[in-house]
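# Overview (structure and organization)
Listed below are the residues making up each chain.
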Amino acid sequence: MNLGLPDSGPPRFESLDAVRGGLAQVGYLADDSISGVVYLADRLSKPVLVEGPAGTGKTQLAKSVAELTGARLIRLQCYEGLDESKALYEWNYRKQLLRIQAGEHGKQEQEGPSWAELEEDIFSEDFLLARPLLEAIRATDPVVLLVDEVDRVELETEALLLEILSEYQVSIPELGTVRATQLPMVFLTSNNTRELSEALKRRCLYLHVDYPDLDREREIVRSRVPGISEELADQVARIVRSLRTLELRKAPSVSETLDWARTLVILGVETIDAAGARDTLHVLLKYQGDIERAAKELLSVS
Ligand SMILES: Nc1ncnc2c1ncn2[C@@H]1O[C@H](COP(=O)(O)OP(=O)(O)OP(=O)(O)O)[C@@H](O)[C@H]1O
Ligand SMILES: [Mg+2]
């Protein structure tokens, strides 16, 4: 069935192992489910919707896939109030106005363009400001499109996204339709602050990224924190893991684990135990209540 979609091109990855190994080479430690979904997304030419707690590597996954495939990363950072003009395209009003003024001036000199000429001119490519979605659609070089924190946009913008991700084309009334000549890899991330529409979910492959298991977190620390010993990386991962089992307002994320590990390296700490961890808990936890709760717990195990 021809859906009128652009050609997806040759597969980017030869095998599941190539995804996992390649990601590790660019410093992203994936588990089977992450590498499996990335592999399938490429084969099926589907966007990936990545959901999960804050700081678990959702954004980094898209960045790392771009790095691995040598693609340009185009990022649409979502926020409440994001609209078509910031997501898709808008006209450069200031430049248009200047052009009109220049035209009027010319008219007084008897040599200016007619209104029709002027109109055609100011609604041409030169006056268009392409925003990330349009930029990704008309790219001719390999790109990875990252729609970051999609749960922050209103339903209208979500519908726009859905339309773009279904058709890979954009209609600009004054210019015509821009069709993608290739299918980019697309990642949408969400912190699940609200439910996304069923239609958007249907369009995507779903990937839940949770906190890594002990081994993977240790490896993430080792790959991201230069100069850390194997022993310290292991201790850091173990302590963070035990803290996540407490009922905290905000459990430490991978980015906080990394900040903590870097802090310990800077402080010249070589090994850390539960008691020693208490002095630097503020790097891992961001609520006073959580810090007190964790300190009490660490004291009881040390
Ligand atoms: N699997 C991983 N391998 C390597 N680094 C990782 C991994 N997971 C997380 N990180 C690191 O953790 C940090 C946080 O990752 P990232 O910003 O992608 O999180 P996020 O899930 O997008 O968070 P948020 O929801 O707050 O946007 C980054 O510095 C990233 O490099
Ligand atoms: Mg993110």
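Refer to the structure above for everything that follows.
First things first, this report covers the structure right here in the doc. In this text the structure is predicted, and so the values were computed from the model without any measurement. (Residues numbered from 1 in each chain as written. Chains lettered and ligands numbered in written order. Predicted model: local features only at pLDDT ≥ 70, side-chain atom pairs only at ≥ 80, totals over all residues. Heavy atoms only, no water.)

For the rest of this paragraph, the subject is the sheet that holds strand E2 (residues 72-77). Taken together, the five strands give an open sheet; going across it, the order is E2-E5-E8-E1-E9, and neighbouring strands pair in parallel fashion. Each edge of the open sheet carries a strand with a single partner, namely E2 and strand E9 (205-208). Put simply, the sheet's adjacent strands are angled 20° from each other on average, direction ignored. As judged from the four bridges shared by strand E5 (residues 143-148) and strand E8 (residues 185-190), these two strands associate in the parallel manner. Paired with Val-144 across the strands is Met-185, a residue of E8. Across the face of the sheet, helix H2 (residues 32-44) comes into contact with strand E1 (48-51), E8 and E9 while running at roughly 165° to E9. (Pairing = 2+ DSSP bridges. Helix = DSSP H or I, 4+ residues; strand = E, 2+ residues; numbered from the N terminus. Axes fitted to C-alpha atoms, helices over the stretch in contact; angles between N-to-C directions. Contact = heavy atoms within 4.5 Å.)

So, on to the state of the cysteines. All told, the structure shown has zero disulfides when counted by the stated rule. Its sulfur unpaired, Cys-78 is 12 Å from the next cysteine sulfur, which belongs to Cys-204. For Cys-78, a relative accessible area of 1% puts it in the buried group. (Disulfide = S-S within 2.5 Å. Buried < 20%, exposed > 50% of the residue type's maximum accessible area, 1.4 Å probe, protein only.)

Formed by 38 residues in total, the largest nonpolar core has its most connected members in Leu-133, Val-150 and Leu-188. Among the secondary structure elements, those contributing two or more residues to this core are E2, strand E3 (89-91), helix H7 (132-138), E5, helix H8 (155-167), strand E6 (169-172) and E8. The element contributing the most residues to this core is H8, with five residues. When neighbours within four sequence positions are excluded, Leu-188 is seen to be in contact with Pro-47, Val-48, Leu-49, Val-50, Val-147, Val-150, Leu-165, Leu-200 and Cys-204. Core analysis: the next-biggest nonpolar cluster, separate from the first, contains 27 residues, Trp-260, Leu-281, Leu-284 and Leu-298 among them. (Core = buried A, V, L, I, M, F, W, Y, C linked by side-chain atoms within 4.5 Å.)

Residues in contact with ligand 1 amount to 18 residues; listed here are only the nearest, Leu-29, Gly-55, Lys-58, Thr-59 and Gln-60. Gly-55 places a main-chain nitrogen or oxygen 2.7 Å from an oxygen atom of ligand 1. At a separation of 2.7 Å, an oxygen atom of ligand 1 approaches a polar side-chain atom of Thr-59. Against a free-state accessible area of 630 Å², the protein chains account for coverage of 83% of ligand 1. Of all the secondary-structure elements, those providing two or more residues to the shell around ligand 1 are helix H3 (58-69), helix H10 (214-224) and helix H12 (254-266). Tallied by class, the residues present in the shell around ligand 1 amount to six nonpolar, eight polar and four charged. (Near = heavy atom within 4 Å. Polar contact = N/O pair within 3.5 Å; in protein donor to acceptor, adjacent residues only side chain to side chain. Areas by Shrake-Rupley, 256 points an atom, 1.4 Å probe, with all protein chains shown as cover. Nonpolar A, V, L, I, M, F, W, Y, C, P; charged D, E, K, R; others polar.)

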